[in-house]
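Working through the structure, step by step
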Number of protein chains: 2
Amino acid sequence: MSASPPIEVAFPEHARLLEALTEALGPGAVVDGRERVNSPDDAPIAVLRPSDTAEVALILRTADEAGAKVVPWGGRTGLVRGTMARGALALSMERMNRIEEIDVLGQTMTVQAGCVLETATEAAEAAGLILPLDLGSRGSATIGGAISTNAGGNRVIRYGMTRNMVLGLEAVLADGTVVTSLNRLIKNNTGYDLKQLFIGSEGTLGVVTRAVLHLRPGAGGGVTTALVAVPTLMDVTTLLRRVEGTLSGHLSAFEVMWDDYFQLVTTEPARGRSPWDQSHAYHVLIEAMSSDGAQDAERLENLLGDAMESREIADAVIAKSQVERDAFWAMRDDVRQVARFGPIMSFDVSLPISEMEGFVAEVRKALAACWSQTKPIIFGHLGDGNLHVIVAPVPAEPRARARIEDIVYSAVRERDGSISAEHGIGLEKKAYLSWSRSPEEVALMRRLKVALDPRNTLNPGKVIPDA
Amino acid sequence: MSASPPIEVAFPEHARLLEALTEALGPGAVVDGRERVNSPDDAPIAVLRPSDTAEVALILRTADEAGAKVVPWGGRTGLVRGTMARGALALSMERMNRIEEIDVLGQTMTVQAGCVLETATEAAEAAGLILPLDLGSRGSATIGGAISTNAGGNRVIRYGMTRNMVLGLEAVLADGTVVTSLNRLIKNNTGYDLKQLFIGSEGTLGVVTRAVLHLRPGAGGGVTTALVAVPTLMDVTTLLRRVEGTLSGHLSAFEVMWDDYFQLVTTEPARGRSPWDQSHAYHVLIEAMSSDGAQDAERLENLLGDAMESREIADAVIAKSQVERDAFWAMRDDVRQVARFGPIMSFDVSLPISEMEGFVAEVRKALAACWSQTKPIIFGHLGDGNLHVIVAPVPAEPRARARIEDIVYSAVRERDGSISAEHGIGLEKKAYLSWSRSPEEVALMRRLKVALDPRNTLNPGKVIPDA
């Protein structure tokens, strides 16, 4: 291998490390990261772009020995600053983006970590199968990122979170050891299920390089979607249990919008329009997928008719076309409308369904006691116990953000809830981890971190609070 | 606390440790284990019977400090000698057998580890819900044992293995640290998912004391069961994919009996009777659960009618009553008939479905080349890729067992299969772990074991091959 000229670096103290990596990986693999971040303060030392697992291993071994820090980068669509790479090497998986194989009979996909979720989803569909993971950020989120953060999304009620879709995994440890567990089998009880270590640990225990995903049979076009107006949260819960019973095994989404949110996404400048002729407290988006959509639609219609008669629901409409279905989802997904209120804060909490009403009332009251205009705007995957809580507007005064965090997380903690249902911890929620996890749990996390990454090379300072 | 008299022990060198434990735990908590094992050689030093998590912690802390070994005992229905406790303290969870709470709205059950599976299943049903785990050993297997071994069973195709049913867990580490993660939430991405460490690690990383299980809506009586005769394994696979499509989300079992097995369970002295008027190569038991059994039955009948016409299946019968349904399952479960052949060996392997035919042919041929009478008798959860292979009769000659293991596991390894689909590793399969897992995987297992149990106190010598 011929020696490459030293690359121009913004961080001269790391010049020797970058030179060594450039020489080992070839041109184009080590690039400047300054233009990839919003603020120059957040710039990584460099962005490393390995093209295979062996290069990932080489990078990690080299960095670990040199005492450098490494932050894995997928699509960087996370919401908790889990990919902040200031002072570290960013390890971008962008060149490892291939779908290596789809086994139609075995219903598996073997894919590299940098593959964009939407690309993987479309490839599964082209093979007559589905990859059930579906997120708003599907166009840029990567498979590796979804695995590292155990992403949730719109179909958890039926298919579970990303963890449930991973059959096999390849990960590289901080010292460069490649652990290849590309299992394709549904059942495999041969020793410890090592992949679990790397799913949801946000790149702090290893770098996910490849995965085997469990695909499912396609729905064959049988999708049924309804929007339902419901007077009370108790009735929403009753509706959920009825729908689960009637559509058993077919229910794929049960999303709820509180009226504040619904108003926002159905009035100008939002494009959505309410199908109701009056206002209602809760708006439920129900979706079922199966081989016989007509049957699901008929059952759902009967169920909703009965619920109307017993006044458990106030109104309902079943989508008659893909256009109507898309319109319902567009309302649900039109989160950016909350920006109308000015600065916002966004939370992602889990609660027992029985606690949701009390939680929302407490947060609303506590916010009102501090600031007359600031209120919670709520929607979420209620079928999974997961609410997204937008607080807006955030007052300009100092410490307002910390006070709002305290209000929301206190109300969560009192109810044995989770401060992060699907977004993870990253840097953003690290200070609050102990509000959802005990000292013994945090100590065990730290013990695992030390066992797998003794020099604290991988995504340092994320997830686990400082000792 | 008053001092107890020293208990009579078969192991005088451990008298002081047992005295200390007896004093701390009270009478009845430390008992002789000799009559609980088949062979006196396998007797534990004593059987410890804690009544709560604090006592489990005390036992482990005391044993760990004294250098004693501890083997957790559930229902001891395992098949890989994972609870062999020679020279160790057996930690029986039999007194921690309470169902602490069923949350009907939240669909969770909080249960102690020693609760028998069937007790938990019946309690869920009484609450109008189901605990989807179902095993042949349901009457004695415990929840803690099912979790520690990640038990599979009859409904994996729909609900996944035990791992998928555990929301929260409490476990005690070797040093007595209690890690309580009794999460009840479907979605909780707050840091590492620590419960995964204890699920399926066969008591080597911690002792499971309590768990929160995810219950599901009851089927409401809508169970559909069919027995189908199929000419080729290719047709079996086609049938599986068709049934998955047509019964999408409702299919709960797809069990296959090879004809050797079917003959055995449908001829005297077995009670089962074949519904067919001629013999067939494969016999498939299909079951669906939903709120509308009539609809499932109609769909399945249409599907089977079409498959008869296209000769993809040879014959079929749908159960018309619970008695017929039970009769089908009784055949499937009548494993003890294989004892007619004399000594047997039993394997539990996973394979890609596309590899099954080649696997069976290879095993059959290799056995026949060694012994004229010895053959494989096969049945299993084909929908999950899991076959149970009985080899019988096992010749009396020395090394016959080792040769049979080599034949079966070689055929598995060549096809990227698993040497243990659901039974685990224990002592029995430890020597073959490396046939399914790489050196890096085994090294990482060892690294975890050292991190969590540095003195090798918990279930020593199980799962991980000696270094």
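Per an unreviewed UniProt entry, chain A goes by FAD/FMN-containing dehydrogenase and derives from Phenylobacterium koreense. UniProt, in the comment section headed Sequence similarities (unreviewed entry), describes chain A in these words: "Belongs to the FAD-binding oxidoreductase/transferase type 4 family." In its Cofactor (unreviewed entry) section, UniProt records this for chain A: "FAD".

Focus on empty space enclosed by the protein
Taken as a whole, this structure holds six cavities of 30 Å³ or more when the rule is applied. Within this model, the largest cavity holds a volume of roughly 170 Å³. Surrounding the largest cavity, 19 residues form its lining, Gln196(A), Leu197(A), Asp193(B), Gln196(B) and Leu197(B) being those nearest its centre. If you list the elements that add at least two residues to the lining of the largest cavity, you get helix 6 (195-198) of chain A together with helix 6 (195-198) of chain B. Looking at side-chain class alone, the lining of the largest cavity contains twelve nonpolar, five polar and two charged residues.

Some thoughts on the side chain of Asp235(B)
Residue and element names in this part refer to chain B. Summarising the element assignment, Asp235 is placed in helix 7 (residues 233-246). It is Arg242 that comes nearest to the buried, bridge-free Asp235 among opposite-charge side chains, at 7.7 Å. Within the local environment of Asp235, its side chain forms a polar contact with the side chain of Thr232, the two groups lying 2.9 Å apart. Setting aside chain neighbours within four positions, we find Asp235 in contact with Val230, Arg311 and Glu312.

Quick look at the sheet that holds strand 10 (residues 207-214) of chain A
All names here are of chain A. Overall, antiparallel pairing links the five strands, which are arranged 5-6-10-8-9 in an open sheet. Two strands lie at the open edges of the sheet, namely strand 5 (99-103) and strand 9 (178-181), each paired on one side alone. In this sheet, adjacent strand axes meet at a mean angle of 10° when their direction is disregarded. Relative to strand 9, strand 8 (residues 166-172) runs antiparallel, the two being bridged by four bridges. Looking across to strand 9, one finds that Leu169 is bridged to Ser181.

Observations concerning the sheet that holds strand 4 (residues 89-92) of chain A
Each strand in a sheet pairs with its neighbour through backbone hydrogen bonds, running either in the same direction (parallel) or in the opposite one (antiparallel). Residues and elements named next belong to chain A. One open sheet accounts for four strands, arranged 1-2-4-3; its pairing is mixed. Two strands lie at the open edges of the sheet, namely strand 1 (30-31) and strand 3 (70-73), each paired on one side alone. Relative to strand 2 (residues 46-48), strand 1 runs antiparallel, the two being bridged by two bridges. When the bridges of strand 2 are listed, Val30 appears paired with Leu48. The sheet contacts of helix 2 (residues 53-66) involve strand 2, strand 3 and strand 4, and relative to strand 4 the element is tilted by about 165°.

Digging into the confidence of the model for chain A
Confidence in the prediction of chain A, expressed as mean pLDDT, is 94, and 97% of residues score 70 or more. Segment residues 1-6 of chain A is flagged for pLDDT under 50; beyond a separation of four residues in sequence, or across chains, it makes seven contacts in the model.

Notes on the environment of His14(B)
Residue and element names in this part refer to chain B. Tracing the backbone through its elements, the reader meets His14 in the segment before helix 1 (15-25). Overall, His14 belongs to the partly exposed group, its relative accessible area being 22%. Sequence-wise, His14 and Gly222 are 208 residues apart; in three dimensions their C-alpha atoms are separated by 56 Å.

Looking at the UniProt feature "domain: FAD-binding PCMH-type" (unreviewed entry) in chain A
Those places that UniProt annotates as "domain: FAD-binding PCMH-type" (unreviewed entry) correspond, in this numbering, to residues 40-218 of chain A. Helix and strand shares over residues 40-218 of chain A are 21% and 25% respectively, and the end C-alpha atoms of the span are 45 Å apart.

So, helix 3 (residues 117-126) of chain B
All names here are of chain B. By the burial criterion, the buried members of helix 3 are Leu117, Ala120, Thr121, Ala123 and Ala124. In a view along the axis of helix 3, the buried residues occupy a sector of 165°, so they form one face of it. Considering only its buried residues, helix 3 is in contact with strand 5 (99-103), strand 6 (108-112), strand 7 (129-130) and helix 4 (143-148). Of the residues trailing helix 3, Gly128 is marked for its positive phi of about 80°.

Details of the nonpolar core
Ranked by internal contacts, the top residues of the largest apolar core, which has 240 residues, are Leu89(A), Leu239(A), Phe359(A), Leu89(B), Leu239(B) and Phe359(B). Excluding residues that lie within four positions of it along the chain, Leu239(A) makes contacts with Val228(A), Val230(A), Phe254(A), Val284(A), Ile286(A), Leu303(A), Leu304(A) and Ile313(A).

Here's the deal with the interface of chain A and chain B
Contact with chain A, which involves 80 residues of that partner, is made by 80 residues of chain B. Across the interface of chain A and chain B, roughly 6200 Å² is buried in total on both sides, 56% from carbon and sulfur atoms. Among the residues chain A hides against chain B, the three largest losses belong to Lys187(A), Asn189(A) and Tyr192(A). Together they make up 16% of the total. The interface formed by chain A and chain B contains ten salt bridges. Of the charged contacts, one joins Arg447(A) and Asp175(B) as a salt bridge, the two residues approaching to 3.2 Å between their closest N and O atoms. Summed over the shared surface of chain A and chain B, the number is 47 residue pairs in polar contact (both at pLDDT 80 or more). Elements that contribute at least two residues to the side of chain A that touches chain B include exactly helix 5 (156-159), strand 9, helix 6, helix 7 (233-246), helix 9 (293-309) and helix 13 (439-452) of chain A. Looking at which element gives the most residues to the side of chain A that touches chain B, the answer is helix 13 of chain A, with nine residues.

Considering the pairing of strand 16 (residues 345-350) of chain B
Residues and elements named next belong to chain B. The element strand 16 is largely enclosed, with a buried count of five among its six residues. Both strand 16 and strand 18 (residues 386-392) contribute to a ladder of six bridges, which runs antiparallel. In the strand pairing of strand 18, Phe347 is matched with Val389.

Overview of the domain arrangement of chain A
Residue and element names in this part refer to chain A. When cut into domains, chain A gives domain 1 (1-218), domain 2 (222-335) and domain 3 (342-424). Here the C-alpha centre of domain 3 lies 24 Å away from the C-alpha centre of domain 2. At the interface, 16 residues of domain 2 touch 17 residues of domain 3. Contact between domain 2 and domain 3 buries roughly 1400 Å² in total, counting both sides, with carbon and sulfur atoms accounting for 65%. On the domain 2 side of the contact with domain 3, Leu233, Trp258 and Asp260 bury the most area, a combined 40% of that side's loss.

Concerning the pattern of salt bridges
All names here are of chain A. Under the counting rule described, the total for this entry stands at 66 salt bridges over all chains. One salt bridge connects Asp260 with Lys375, and the closest N-O pair in it is separated by 3.9 Å. Residue Asp260 is found in helix 8 (residues 259-265), and its partner Lys375 is found in strand 17 (residues 375-381); the two are separated by 115 residues along the sequence. Judged by relative accessible area, which is 27%, Asp260 ranks as partly exposed. The closest approach of N and O atoms between Asp453 and Lys449, which form a salt bridge, is 2.7 Å. There is no split in this pair, since Asp453 and Lys449 are both buried. One network of salt bridges, in which partners are shared, links Arg98, Glu100, Glu170 and Arg210.

Thoughts on the packing of helix 7 of chain B against helix 9 (residues 293-309) of chain B
Residues and elements named next belong to chain B. The N-to-C vectors of helix 7 and helix 9 enclose an angle of 150°; their axes lie 10 Å apart at closest approach. Classified by the angle between their axes, helix 7 and helix 9 sit roughly antiparallel to one another. As helix 7 packs across helix 9, the resulting crossing turns out to be right-handed. For the pair helix 7 and helix 9, the contacting residues are Leu239, Arg242, Val243 and Thr246 in the first and Arg299, Leu300, Leu303 and Leu304 in the second. A class-by-class count of the residues in the contact of helix 7 with helix 9 yields five nonpolar, one polar and two charged.

Remarks on the environment of Leu227(A)
Residue and element names in this part refer to chain A. Mapped onto the secondary structure, Leu227 falls in strand 12 (residues 222-230). The buried category is assigned to Leu227, whose relative accessible area is 0%. Aside from chain neighbours lying at most four places away, what touches Leu227 is Met257, Phe262, Pro275, Trp276, Val284, Leu285, Asp315, Ala316, Val317, Phe328 and Met331.

As for the packing of aromatic side chains
All names here are of chain B. Enumeration according to the criterion identifies ten aromatic pairs over all chains in this entry. Aromatic pair Trp258 and Tyr282: ring centres 5.2 Å apart, planes at 80°, arrangement edge-to-face. You can see Trp258 sitting in strand 13 (residues 251-258) and its partner Tyr282 sitting in strand 14 (residues 282-290), a full 24 residues away along the chain. Since its relative accessible area comes to 6%, Trp258 is described here as buried. Each ring, one from Tyr261 and one from Phe379, has its centre 4.3 Å from the other, and the planes form 25°; the classification is stacked.

What about unusual backbone geometry?
Residues and elements named next belong to chain A. With an omega of 0°, the peptide bond between Glu268 and Pro269 qualifies as cis. Residue placement: Pro269 occurs in the loop between helix 8 and strand 14 (282-290). The backbone phi angle of Gln107 is positive, close to 55°, even though this residue is not glycine. Its place among the elements puts Gln107 in the loop between strand 5 and strand 6 (108-112). The residue Asp416 is not glycine, and still its phi comes out positive at about 55°. Structurally, Asp416 is set in the loop between helix 12 (400-414) and helix 13.

The rules we used
Residues numbered from 1 in each chain as written. Chains lettered and ligands numbered in written order. Predicted model: local features only at pLDDT ≥ 70, side-chain atom pairs only at ≥ 80, totals over all residues. Heavy atoms only, no water. UniProt positions renumbered as here; feature names shortened; annotations may be inferred. 1 Å grid on protein atoms, 1.4 Å probe; cavity = no way out; pocket = protein on both sides within 12 Å on 5 of 7 lines; lining within 4 Å. Points joined across faces, edges and corners; volume = space filled by probe spheres on them. Helix = DSSP H or I, 4+ residues; strand = E, 2+ residues; numbered from the N terminus. Nonpolar A, V, L, I, M, F, W, Y, C, P; charged D, E, K, R; others polar. Buried < 20%, exposed > 50% of the residue type's maximum accessible area, 1.4 Å probe, protein only. Lys, Arg positive; Asp, Glu negative; His and termini not counted. Salt bridge = Lys/Arg side-chain N within 4 Å of Asp/Glu carboxyl O. Polar contact = N/O pair within 3.5 Å; in protein donor to acceptor, adjacent residues only side chain to side chain. Contact = heavy atoms within 4.5 Å. Pairing = 2+ DSSP bridges. Axes fitted to C-alpha atoms, helices over the stretch in contact; angles between N-to-C directions. pLDDT = per-residue confidence, 0-100. Arc of directions from axis to C-beta. Core = buried A, V, L, I, M, F, W, Y, C linked by side-chain atoms within 4.5 Å. Buried area = accessible area lost by both parts, 1.4 Å probe. Domains from an automatic or database assignment. Parallel < 35°, antiparallel > 145°, perpendicular 65-115°, else oblique. Left-handed = near helix turned anticlockwise from the far one by under 90°. Phe/Tyr/Trp six-rings, centres within 6.5 Å; stacked < 30°, edge-to-face > 60°.

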